[in-house]
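# Close look at the chain arrangement
Given next are the chains, with one letter for each unit.
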Amino acid sequence: MGTLYRRGTRAMSELVVAHAAESLTQHELKMFLRLFHRSALASKSDLLFIFPSKTAAFNSAILEENDSFFNLLTRYKSSNGSRSTASFDVTQFTKLSKKEKESGEPIWGRRIRSNSTGDGEVYSTRLSYGSVVGFDMDELDPENSLSGFLDHVPLSLRRWACYPMLLGRVRRNFKHVMLVDVKEFLVLGDPLGRVRSQSPESVLVKGVNQSTQGKHGKKNSDKTQPTRQKSVHSGVLMGGSRGIRRLSNVMLTDIVRASMQHKKKNSVGESGLFNQLVGNDFVLKDVNLIVSTESVPEVSSSSKTASQIFTKNYSLIRRGNTNSDVNSLLMKHLCSFAIDSAVYTECQ
């Protein structure tokens, strides 16, 4: 079940669940992976993709980026260049640990038997990175459980039917979970750092800038009350595994309830439902909801330079409406580094 693209070095305590929109392109997927591999999360978490259909179309892209990741890891590890001139911080992938306290094996794939007796050095420096796996929706939601309520079930809604099975199965393996839209968001740093000190029931949701609410939510017509024009984005949320699982279950129930109340079966909007849910303290009484006052910064083709994006130490950014231009901008930045330019064919 599922596709294992890369087996990690050890069991991770954090999980990034990245869902792919129907319109996701291979270029957008590659850029998400390239930046994720540079983030601190890559050394701390497993990455799990949810695709709307069979994953064959994206297999080659993911495997290619895994090869590039290992290539960068090897080249930067053997390089004597200073970190100030590098785009890839290899130190975050090396861990000094006691052998007898080495974390268990990854939960994905077959167990690897070791003949090690534990003799020798007490401490060892080992590479640390997570697994990369992929599922299509028919594996996680085989009966398309929302099809009885909606004529057409878009990925934005069906993904909520996939989470109960997925998160239920791994609930004892991961302490923190992040749900993220691959097409719209890019991970640059360590977003989960905001929730690690919170309770297991905590869930952090992010705001949406006013300029983008025509796309993601209903815009308030009263311009004298800008605070009411703020909405949250359903494409990214993070928190304790218990809180994420509870919120996902309630969201799925709300989708079913809303579809039964509407005469037109395709009139259920995910963004509106999610914002209503976030505002309902009673329904989410078992979730410690944290609504961030900061919106996720958006990068567009009008940005001056990609280097400014990275120097601001953003942990998470949104792509603008012109993804191809944004991808070119970010790729131009990566190609400015000698090692990276030797790894990626687009730079050559």
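Quick caveat: nothing in here was measured; it's all calculated off a predicted structure.

About the cut-offs
- Residues numbered from 1 in each chain as written.
- Predicted model: local features only at pLDDT ≥ 70, side-chain atom pairs only at ≥ 80, totals over all residues.
- Heavy atoms only, no water.
- Helix = DSSP H or I, 4+ residues; strand = E, 2+ residues; numbered from the N terminus.
- Buried < 20%, exposed > 50% of the residue type's maximum accessible area, 1.4 Å probe, protein only.
- Pairing = 2+ DSSP bridges.
- Axes fitted to C-alpha atoms, helices over the stretch in contact; angles between N-to-C directions.
- Contact = heavy atoms within 4.5 Å.
- Phe/Tyr/Trp six-rings, centres within 6.5 Å; stacked < 30°, edge-to-face > 60°.

With that out of the way, let us pick up the environment of A338. Within the fold, A338 resides in helix α10 (residues 338-343). Accessibility expressed as a relative area gives 62% for A338, which makes it exposed. Along the sequence, A338 and S87 sit 251 residues apart, while their C-alpha atoms lie 9.7 Å from each other.

Okay, the sheet that holds strand β1 (residues 3-6) next. Spatially, the 8 strands line up as an open sheet ordered β1-β6-β3-β2-β7-β10-β9-β11, and their pairing is mixed. Since the sheet does not close on itself, it has two edges, and those belong to β1 and β11 (288-295), each with one partner. In this sheet, neighbouring strand axes are inclined to one another by 25 degrees on average, regardless of whether the strands run parallel or antiparallel. Strand direction decides the pairing type here: β1 and strand β6 (residues 132-136), joined by 3 bridges, are antiparallel. When the bridges of β6 are listed, R6 appears paired with V132. The strands touched by helix α1 (residues 26-38) within the sheet are β1, β2 (14-19), β3 (45-51) and β7 (176-181), with β3 carrying the most contacts at an inclination of about 170 degrees. Against the sheet, helix α2 (residues 56-78) touches β1, β3 and β6, its axis set at about 25 degrees to β1.

This part takes up the packing of aromatic side chains. One pass over the structure, following the stated rule, counts 14 aromatic pairs. Residues F88 and F93 carry aromatic rings whose centres are separated by 5.4 Å and whose planes lie at 10 degrees to one another, so their mutual orientation is stacked. Each member of the pair, F88 as well as F93, is classed as buried. Consider the rings of W160 and Y163, whose centres lie 5.4 Å apart with planes at 90 degrees: the pair is edge-to-face. A residue pair is termed a helical-turn pair when its members lie 3 or 4 positions apart in one helix, as W160 and Y163 do in helix α4 (residues 155-169) at 3 residues.

By themselves, these observations are geometric and do not establish any function.
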